[in-house]
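Take a look at the letters that make up each chain.
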Amino acid sequence: MTTSALDVHRLSRDSLRVIAAGNAAEAELRLLRTAQRSQLLLVLRALLDHLGEEAPPARHLAGLPSAEAAWQLLCTAQREAPEAVESVLDDPTVMAWALRLLRRLGGTAAPVTPSLPLWADLGQFQALAAAAALRARIPAVLRVPAYRGTVWLPGAGVAGPVARRRWSQAEFRVERDGAVVRGETADVRLPRQPSTPAPGWRPLRPVRGAASGATEAGPSLDTVTPYRDFTRYPKSPSRLGERRLHEWEERLAGAYALLDREPTADTAAVRSLVRVLVPRPFQSARGGLVASASSVDAFGAITLSLPYDATQTAAVLVHETRHQQLNAVLSLVRLIQVADDRSDGPEPRRRLHYAPWRSDPRPALGLLHGTFAFSGVARFWRTHRRYVTGAEAQRADFEFAVLREQLREAAASLVTEDDLTEAGRLFVEEAAAQIQEWQEEEVPVLPGRLARDYCLLRRAVWRARHLEVENSAARRLAAAWAAGEPAPGMPPSTVCPRPDRVRLDRFGPLARYRLSAPDRFERDRRQAERSGDPARRAEYAAVAGDTARAALRYAEWTAREPWNTEAWIGAALAVPERARGAGAAVLLDRPEVVAAVRRAVAATQGGTPDPLHLAAWLGGAGAVGIRPAHTTSSGV
């Protein structure tokens, strides 16, 4: 806020290596925080410059004072009580608001919510100044926007309702003995301590039990800020009741306590970087389904649905904090090339990769983000399994085994990416080295078997959904099959994203369920058997390790849906590892080729080969002049 020269933030190669390995210490974390703070100050200054030079008519819309006046009040507050301004700017939603407004003024934003008038968006400058004046106890009178009657005070909370209209103005008055918000229909007097609830005042809610010491504040629950949503804004305060808020606090406090008991470098990162947690609605966290997100626009904020226990909460915090770290790194150094980095010529098509934790193909940057984030989660489970026993240990073993295999494949894909910069390659290689160290660690038999099957299934299903082979190549293979000849070499596949083919993954949640709550899993399995749904029954049997029943149920599924490649993949996976022949191996490894050739045979020969027989032939197990019998398209 001062006129002194801004620091230049540089990330050394050594620090980049440390962060890539997931071992950021206080020096690296401080650099990331201060770089983000400098970026916020630059954005605020750019907003003022934009308003002063390009949009003077917008400065006084609806009678609000100019943004420059608010800026001067912020500067005064910083001189008198710098900690007051810090507490305001420390609110991640300030950056979210400022960046969205800057893009709006520059014409580069997505369509703005029709209910958000420009004067109100600009008027939030007054809200920043009001919040700083409140904390610094600087007498001031400001006109501030009110959305649905509520006034936003960044870093503190919201006051209201003081009006009934969607958008209106309110007077915010700070005096030596307190502060009051006056609107069209009501007045709200604020408490001396902004964190204290009061009639008409809803503060950001400190998470009790999550602070790391008597003097260091922990994160806050934000259920009120109008800019707390990463995609839709403004938003009214949520209606979470006190009982539900206590549930959130207990879950989060338990997660922070667990991270402190089982510390890794990610524990320090969570405590250093995460300042705001935004509850979001989601039906259930059962089976590991938690909706969580971070945003490059809101450094320090995480939005998440309520996890089902403290352990899952801790894993989510680690995951999202890794995303925050990488977002901050990317603001300092480029890891992936962009179009401007390339030589003249047409823009080449960017590669899309298999990201094992996603259902859709991902570009290099998305895969890099996932790899870095899930590396932290893998290390969390690797550490956690040393502290627990019984079902909780099996759960931790499974999660670690799944993630280390998925990360191994993701890192191998990233290493071959041409768009990595020199710094990006250093980052990926450092992360990959740690992932490689985990591959030889022992995992007990049951979670290890479920983890291997789950990874095989996800990879095969992804390939069946999103990879294709050339029609001409499929026809050549179909002709060789029809002639009883050995299979030519299998053709390459290309990525063709098909989001319409994606369905909810059930194997992973069921595996977690079997390990963490085996009695309930068996009860639900019996219900599934009575459901008459062969797909559901087949997956329960496969996860249970009941190979005979799994084979029966997959046979029912494939008979009902003979063209469903995912059913055939499941049938191949249900065969015990030691008994899987060449056909099962090829069907799991290259299901898109099996499906394409099967379609080509049906188009030219009028029947449909058994996928396992066709897959065995494609893998070289078929002999010249011998063709497995065809089946009709109506069954197997």
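Our structure's up above, just so we're on the same page.
On a predicted model such as this, the values are computed, not experimentally measured, just so you know.

(A) A look at the overall build of the protein chain. Helices and strands together make up the secondary structure of the protein chain, namely 22 helices and 16 strands. When the 636 residues of the protein chain are sorted by exposure, 56% land in the buried category. In the protein chain, the share of contacts with a sequence separation of at least 24, taken over all contacts with a separation of at least 6, comes to 69%. Of the roughly 27,700 Å² that the protein chain leaves accessible, carbon and sulfur atoms contribute 51%.

(B) Expanded view of the sheet that holds strand β12 (residues 301-304). Taking strand neighbours across the sheet as the criterion, the 5 strands line up as β8-β9-β10-β12-β11 in an open arrangement whose pairing is mixed. A single partner strand is all that each edge strand has here, and the edge strands are β8 (205-206) and β11 (292-293).

(C) Focus on the nonpolar core. In this structure, Leu-44, Trp-97, Phe-125, Leu-153, Phe-172 and Leu-190 are the most contacted members of the largest nonpolar core, which totals 65 residues. When residues in this core are grouped by element, the largest group, 12 residues, is from helix α6 (residues 118-136). Once residues within four sequence positions are removed from consideration, Trp-97 is found in contact with Leu-44, Leu-47, Asp-121, Gln-124, Phe-125, Leu-128, Trp-152 and Tyr-227. Counting 63 residues, the second largest nonpolar core, distinct from the first, contains Leu-32, Leu-252, Leu-403 and Trp-438.

(D) Structural view of the environment of Pro-497. Residue placement: Pro-497 occurs in the loop between β14 (494-495) and α15 (507-516). Put simply, Pro-497 and Arg-362 are 135 residues apart on the chain and 9.6 Å apart in space, counted from C-alpha to C-alpha. If we skip the residues at most four places from it in the chain, Pro-497 touches Leu-352, Pro-361 and His-466.

(E) Highlighting unusual backbone geometry. With an omega dihedral of 10°, the bond running from Gly-160 to Pro-161 counts as a cis peptide bond. When you line up the elements, Pro-161 lands in the loop between β3 (157-159) and β4 (167-175). The omega torsion across Tyr-233 and Pro-234 is -5°, close enough to zero to call that bond cis. On the secondary structure map, Pro-234 appears in the loop between β9 (220-221) and α7 (242-261). If you check the backbone angles, Arg-137 has positive phi at about 55° while not being a glycine. With phi around 50°, Arg-148 is a residue other than glycine that occupies positive phi space. If you trace the backbone, Arg-148 turns up in the loop between β1 (140-147) and β2 (151-153).

(F) Structural context of a positive patch on the surface. Residues Arg-520, Arg-523, Arg-526 and Arg-530 make up a contiguous surface patch of positive charge. Among the secondary structure elements, Arg-530 is positioned in helix α16 (residues 518-531).

(G) Just helix α20 (residues 582-589), in detail. Regarding α20, the residues found buried are Gly-583, Ala-584, Val-586, Leu-587 and Leu-588. Tucked inside the fold, the buried residues of α20 contact α13 (445-466), α19 (565-574), α21 (591-605) and α22 (611-618).

(H) Geometry of the pairing of β1. Judged by how many residues are buried, β1 sits mostly within the fold: 6 of 8 residues are covered. Of the pairings in the sheet, the one linking β1 to β4 comprises 8 bridges and is antiparallel in character. In the strand pairing of β4, Val-141 is matched with Arg-173.

(I) Focus on the packing of helix α3 (residues 67-80) against α6. Following both chains from N to C, one finds α3 and α6 inclined at 25°, their axes separated by 8 Å at the closest point. Taken as axis vectors, α3 and α6 run roughly parallel relative to one another. α6 is crossed by α3, and the crossing has left-handed handedness. Contacts between α3 and α6 involve Ala-67, Ala-70, Leu-73, Leu-74 and Ala-77 on the former and, on the latter, Phe-125, Gln-126, Leu-128, Ala-129, Ala-132, Ala-133 and Ala-136. Classifying every residue of the contact of α3 with α6 by side-chain character gives 11 nonpolar, 1 polar and no charged.

(J) Quick peek at the environment of Asp-533. Position of Asp-533 relative to the elements: it lies in the loop between α16 and α17 (534-544). You can call Asp-533 partly exposed: its relative accessible area is 31%.

(K) Structural context of the packing of aromatic side chains. Scanning all chains against the criterion turns up 15 aromatic pairs. Measuring from ring centre to ring centre gives 5.2 Å for Trp-97 and Phe-125, while their planes differ by 85°; the resulting arrangement is edge-to-face. Of this pair, Trp-97 sits in helix α5 (residues 92-106) while Phe-125 sits in helix α6, and the two are 28 residues apart along the sequence. Accessibility assignment for this pair places Trp-97 and Phe-125 in one class, buried. Here the aromatic rings of Phe-521 and Tyr-540 are separated by 5.4 Å at their centres, their planes lie at 35°, and the arrangement is tilted. Of this pair, Phe-521 sits in helix α16 while Tyr-540 sits in helix α17, and the two are 19 residues apart along the sequence. Taking relative accessible area as the criterion, Phe-521 reaches 0% and is therefore assigned buried.

Cut-offs applied
- Residues numbered from 1 in each chain as written.
- Predicted model: local features only at pLDDT ≥ 70, side-chain atom pairs only at ≥ 80, totals over all residues.
- Heavy atoms only, no water.
- Helix = DSSP H or I, 4+ residues; strand = E, 2+ residues; numbered from the N terminus.
- Buried < 20%, exposed > 50% of the residue type's maximum accessible area, 1.4 Å probe, protein only.
- Contact = heavy atoms within 4.5 Å.
- Areas by Shrake-Rupley, 256 points an atom, 1.4 Å probe, with all protein chains shown as cover.
- Pairing = 2+ DSSP bridges.
- Core = buried A, V, L, I, M, F, W, Y, C linked by side-chain atoms within 4.5 Å.
- Patch = residues over 30% accessible without salt bridge, like charges linked within 9 Å, V, L, I, M, F, W, Y side chains within 5 Å.
- Salt bridge = Lys/Arg side-chain N within 4 Å of Asp/Glu carboxyl O.
- Lys, Arg positive; Asp, Glu negative; His and termini not counted.
- Charge placed at Lys NZ, Arg CZ, Asp CG, Glu CD.
- Axes fitted to C-alpha atoms, helices over the stretch in contact; angles between N-to-C directions.
- Parallel < 35°, antiparallel > 145°, perpendicular 65-115°, else oblique.
- Left-handed = near helix turned anticlockwise from the far one by under 90°.
- Nonpolar A, V, L, I, M, F, W, Y, C, P; charged D, E, K, R; others polar.
- Phe/Tyr/Trp six-rings, centres within 6.5 Å; stacked < 30°, edge-to-face > 60°.

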